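Chain and residue survey
Below, each chain spelled out in residue letters.
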Amino acid sequence: MISNRRWIGLVAAAWMLAGGVAAARGASPLPDPALTPGAINPAVREATIGATICRRGWTRTVRPPVSYTEPLKKAQIRRYGYADARPWKYEEDHLIPLALGGSPTSPANLWPEPHLGRGQWGFYAKDRLEARMARLVCAHRLGLDEARRMIARDWISAYRRFIGSRPDNAPLHGRGAGYDGGYRPYDHWHHWHRWHRRDW
């Protein structure tokens with residue numbers, strides 16, 4: 001079995017051979033679709049949402065550990081060519097969230113999403129969208145495949161459709177912050193906070 005560290009090294013090497021490191025650029029709230037097109041968890045289908053994403057606490061059972069995501073984030077920051085390469089400036093985020101059956105570990109579904117300020121299109125705003133869409137899917141008011149397509153194509157456009165024209169990028173706090181029927185964005189925030197607070 002290949003270790004996580006070895007796997008990340010192989011992925012990073014393949015990216016470098018495929019296209020090298022991109023020219024330095026500012027961080028964008030949207031991923032590069034050529035590098036991060038999104039990938040799904042085949043165990044999550046419309047017929048299985050009751051036993052997976054709509055079951056309380058399920059996302060915690062598939063969330064990858066920081067020991068996997070942190071080395072991948074550093075490799076992807078280099079691949080994306082961000083001018084600011086400090087890892088704590090980014091959240092290694094699932095483009096198609098676990099709450100919508102996104103792949104937990106595929107590098108095609110993970111990317112270094114920038115931590116932007118209030119009123120910007122940062123990862124807290126995306127968390128709010130993910131919670132809203134998960135509620136709709138689990139209430140059978142939005143199809144799973146449609147939700148996945150929209151968030152993978154352009155999550156900002158999806159946010160404007162389901163939440164509003166202005167991003168609410170304030171930090172999420174407490175159990176009232178998000179959906180508790182299989183997806184809780186505050187768990188996602190605490191996962192990041194525990195790892196990065198020493199860098200503040």
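Throughout, a residue's number is its position along its own chain's written sequence, starting from 1. Totals for whole chains, interfaces and linings use every residue, but because this is a predicted model, local features are given only for residues with pLDDT of at least 70 and side-chain atom pairs only at 80 or more, for both listing and counting. Side-chain numbers come from the whole structure's heavy atoms, not from hydrogens or water.

Attention now moves to the overall build of the protein. Helix and strand counts for the protein stand at 6 helices and 2 strands. Each helix is a run of H or I in the DSSP string that is no shorter than four residues. Each strand is a run of E no shorter than two, and both are numbered from the N terminus. Ordered by position in the sequence, the α and β elements of the protein form the string α-α-α-β-β-α-α-α. Residues classed as buried in the protein amount to 51% of the 200 residues present. Excluding contacts between residues fewer than 6 apart, the proportion of contacts in the protein whose partners are at least 24 apart in sequence is 75%. Burial classification: accessible surface area is computed with a 1.4 Å probe over protein chains only, and a residue below 20% of its type maximum counts as buried, one above 50% as exposed, and the rest as partly exposed. Note on definitions: a residue-residue contact is assigned when non-hydrogen atoms from the two residues lie within 4.5 Å.

Here we take up the pattern of salt bridges. Salt-bridge detection follows one rule: a side-chain nitrogen of Lys or Arg within 4 Å of a carboxyl oxygen of Asp or Glu. In the structure shown here, the tally under the stated rule is 7 salt bridges. Between Asp93 and Lys126 there is a salt bridge, with the nearest N and O atoms lying 3.2 Å from each other. Pair noted here: Asp93 is in strand β1 (residues 90-94) and Lys126 is in helix α4 (residues 123-138), with a separation of 33 residues, a long-range link. For the pair formed by Asp93 and Lys126, the shared burial category is buried. Lys126 is the salt-bridge partner of Glu130, the closest N and O atoms lying 2.5 Å from each other. Highlighted residues: Glu130 and Lys126, both in helix α4, separated by 4 residues, approximately one helical turn. Across this residue pair, the class does not change: Glu130 and Lys126 are buried. By sharing partners, the salt bridges in this structure join Asp93, Lys126 and Glu130 into a single network.

Moving on to the packing of aromatic side chains. Aromatic pairing here means that ring centres of Phe, Tyr or Trp (its six-membered ring) are within 6.5 Å. Orientation follows from the plane angle: under 30 degrees is stacked, over 60 is edge-to-face, and everything else is tilted. Counted by the stated rule, this structure contains 5 aromatic pairs. Where Trp121 meets Tyr159, the ring centres are 5.1 Å apart and the plane angle is 85 degrees; that geometry is what we call edge-to-face. With Trp121 in the loop between β2 (110-114) and α4 and Tyr159 in helix α5 (residues 144-162), this residue pair connects regions lying 38 residues apart in the sequence.

With that settled, consider the pairing of β2. By the criterion of burial, β2 is predominantly enclosed, with 5 of the 5 residues buried. Neither face of β2 is left uncovered, since the one carrying Leu110, Pro112 and Pro114 and the one carrying Trp111 and Glu113 both have all their residues buried. Bridge count for β1 against β2 is 5 bridges, and the pairing is antiparallel. In the strand pairing of β2, Tyr90 is matched with Pro114. DSSP bridges decide pairing: two strands pair if at least two such bridges lie between them.

To continue, consider the state of the cysteines. Here, the term disulfide refers to a pair of cysteine sulfur atoms separated by no more than 2.5 Å. A complete count under the given rule lists 1 disulfide for this structure. One disulfide bridge connects Cys54 with Cys138, the sulfur atoms lying 1.9 Å from each other. On the sign convention where negative means left-handed, the S-S torsion of about -95 degrees between Cys54 and Cys138 marks this disulfide as left-handed. Highlighted residues: Cys54 in the loop between α1 (4-19) and α2 (58-62) and Cys138 in helix α4, separated in sequence by 84 residues.

Bringing the pairing of β1 into the picture now. With 5 of 5 residues buried, β1 is to be regarded as a mostly interior element. Residues of β1 alternate between two faces, with Tyr90, Glu92 and His94 on one and Glu91 and Asp93 on the opposite face, all of them buried.

Moving on, we come to α5. Two residues of an α-helix separated by three or four positions point the same way, owing to the 3.6 residues in each turn. Helix span, expected: 1.5 Å multiplied by one less than the number of residues in the helix. When the terminal C-alpha atoms of α5 are compared, their 15 Å separation across 19 residues is substantially less than the 27 Å that a helix rising 1.5 Å per residue should span. Along α5, the largest kink reaches about 125 degrees and is centred on Asp154. Within the span of α5, buried status applies to Leu144, Ala147, Arg148, Met150, Ile151, Trp155, Ile156, Ala158, Tyr159 and Phe162. Close packing links the buried residues of α5 with β2 and α4. The quantity called bend is, for any residue, the angle between two axes fitted respectively to the seven residues ending at it and the seven beginning at it.

For Asp93, a relative accessible area of 2% gives the class buried. There is a polar contact of 3.2 Å between the side chain of Asp93 and the side chain of Lys126. Polar contact is defined as a pair of N or O atoms within 3.5 Å, subject to the rule that within protein one atom must be able to donate a hydrogen and the other to accept it, and that residues adjacent in sequence are counted only when both atoms are side-chain atoms.

Right, let's get into the environment of Lys73. Within the fold, Lys73 resides in helix α3 (residues 66-80). Separated by 15 residues in sequence, Lys73 and Trp88 have C-alpha atoms that sit 9.8 Å apart. Reaching out from Lys73, the side chain makes a polar contact with the backbone oxygen of Pro87 at a distance of 3.0 Å.

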